[in-house]
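So you can see what is in the structure, the chains are spelled out below.
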Amino acid sequence: MAPIPGSGLAKGLAVTLRTMTKKTVTEQYPNVQPDLPPRTRGVIGLFEENCTVCMLCARECPDWCIYIDSHKETVPPAAAGGRERSRNVLDRFAIDFSLCMYCGICIEVCPFDALFWSPEFEYAETDIRELTHERDKLREWMWTVPAPPALDPGAEEPKEIAAARKTAEKLAAEHAAAQAEQAAAQTAPSEQPGSTEQPGSTERPGSTEQPGPTGQPESTEPQEGES
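Notes on the structure in this doc start here. All figures in this text were calculated on a predicted structure; none of them were measured in a lab.

**Remarks on the sheet that holds strand β5 (residues 132–133)**
Judged by pairing direction, the sheet is antiparallel, and its three strands sit side by side in the order β2-β3-β5 without closing on themselves. At either margin of the open sheet sits one strand with a lone partner, and together these are β2 (66–75) and β5. Two elements, strand β3 (residues 85–96) and β5, share two bridges in a ladder whose sense is antiparallel. Across the sheet, D96 pairs through a bridge with T132, a residue of β5. Sitting on the sheet, helix α4 (residues 135–142) is in contact with β3 and β5, with an inclination near 80° to β3.

What follows is the structure, given as structure tokens:
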């Protein structure tokens, strides 16, 4: 069906009329902070422990505003007889926000979740050189990163969380079993089973003492010369 001539113009005018009839609201910033969406692109935070110096973020940045320096260190073998390994150690991680265009490519390509968006936007400076944030400053922005949204109730549990939970349950079960064995060993009787001899008894085998007429026990052991 062919569109009605002038329908596009009518729709545009309808949007204009709706906007004109709305009441204008002035936000009292900075006395009242704005209610920003959860995925606001304010500033980039660095979680340094996850960074492996793979350089993907610096290579993929279209503005070349990420600066990374590192060196290699030798790691001793984890087990006896193993080989030594070398790993990259991060020396410098800086982002020049005077060049950054907030495209988010560095965050998307990071394979180890070391970069995150923070909704903070109040970091204007009077000197453009102060807009280059080093790794210490980027680490401070991490504390302003909001928590990730909750998973769908019907979604599967992430494999990493499931593996960690199973390992924790296994360790807890082993610890409980060890405590139960230790408690059983402490409460076990110290005497050997089958021993009924009373302490202090000097009764000899073959001696059958019977009480005499005066109440004293008489010995029935055979006397010498008796047959």
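Anyway, onward from the coordinates.
**As for α4**
What α4 keeps buried is the set L138, W141 and M142. Buried residues along α4 cover an arc of 115° about the axis, so they all sit on one side. Residues of α4 that are buried sit in contact with β1 (43–46), β3, β4 (115–118) and β5.

**Observations concerning the state of the cysteines**
One covalent bond between the sulfur atoms of two cysteine residues makes up a disulfide. The tally for this structure, following the rule as stated, stands at zero disulfides. The structure places no disulfide on C54, whose sulfur is separated from the nearest cysteine sulfur, that of C110, by 6.0 Å.

**Points about the nonpolar core**
I44, I66, I68, F93, I95, F97 and L115 are the most contacted members of the largest nonpolar core, which totals 26 residues. Counting residues per element, the ones that place at least two in this core are β1, α2 (56–60), β2, β3, α3 (105–109), β4 and α4. Apart from the residues lying within four places of it in its own chain, the contact partners of F97 are V43, I44, Y102, Y123, L131, H133 and L138.

**Notes on the pattern of salt bridges**
A side chain with one charge may pair with a side chain of the opposite charge, provided their charged atoms come close. In total, this model carries eight salt bridges according to the counting rule given. In this structure, the salt-bridge partner of E48 is R135, at a minimum N-O distance of 3.0 Å. Taken as a pair, E48 in the loop between β1 and α2 and R135 in helix α4 lie far apart in primary sequence, 87 residues in all. Looking at E48, the relative accessible area reads 25%, which means it is partly exposed. A residue is classified by how much of its surface remains accessible, and R135, at 22% relative accessible area, is partly exposed. Between E157 and R165 there is a salt bridge, and its shortest N-O distance comes to 3.1 Å. Looking at E157, the relative accessible area reads 38%, which means it is partly exposed.

**With respect to the environment of P119**
Tracing the backbone shows P119 in the loop between β4 and β5. Separated by 77 residues in the primary sequence, P119 and G42 place their C-alpha atoms 4.4 Å from one another. Not counting residues within four places of it along the chain, the set of residues in contact with P119 comprises L36, T40, G42, T144 and P146.

**Describing the layout of surface pockets**
Leftover empty space is mapped by rolling, across the atoms, a probe with the size of a water molecule. Counted as a void, the largest pocket has a volume near 620 Å³. Around the largest pocket, the lining comprises 15 residues; the ones closest to its centre are F116, W117, V145, P148 and P149. The element contributing the most residues to the lining of the largest pocket is β4, with three residues. Class assignment for the residues of the lining of the largest pocket results in ten nonpolar, one polar and four charged.

What counts, and at which threshold
- Residues numbered from 1 in each chain as written.
- Predicted model: local features only at pLDDT ≥ 70, side-chain atom pairs only at ≥ 80, totals over all residues.
- Heavy atoms only, no water.
- Pairing = 2+ DSSP bridges.
- Helix = DSSP H or I, 4+ residues; strand = E, 2+ residues; numbered from the N terminus.
- Contact = heavy atoms within 4.5 Å.
- Axes fitted to C-alpha atoms, helices over the stretch in contact; angles between N-to-C directions.
- Buried < 20%, exposed > 50% of the residue type's maximum accessible area, 1.4 Å probe, protein only.
- Arc of directions from axis to C-beta.
- Disulfide = S-S within 2.5 Å.
- Core = buried A, V, L, I, M, F, W, Y, C linked by side-chain atoms within 4.5 Å.
- Salt bridge = Lys/Arg side-chain N within 4 Å of Asp/Glu carboxyl O.
- 1 Å grid on protein atoms, 1.4 Å probe; cavity = no way out; pocket = protein on both sides within 12 Å on 5 of 7 lines; lining within 4 Å.
- Points joined across faces, edges and corners; volume = space filled by probe spheres on them.
- Nonpolar A, V, L, I, M, F, W, Y, C, P; charged D, E, K, R; others polar.

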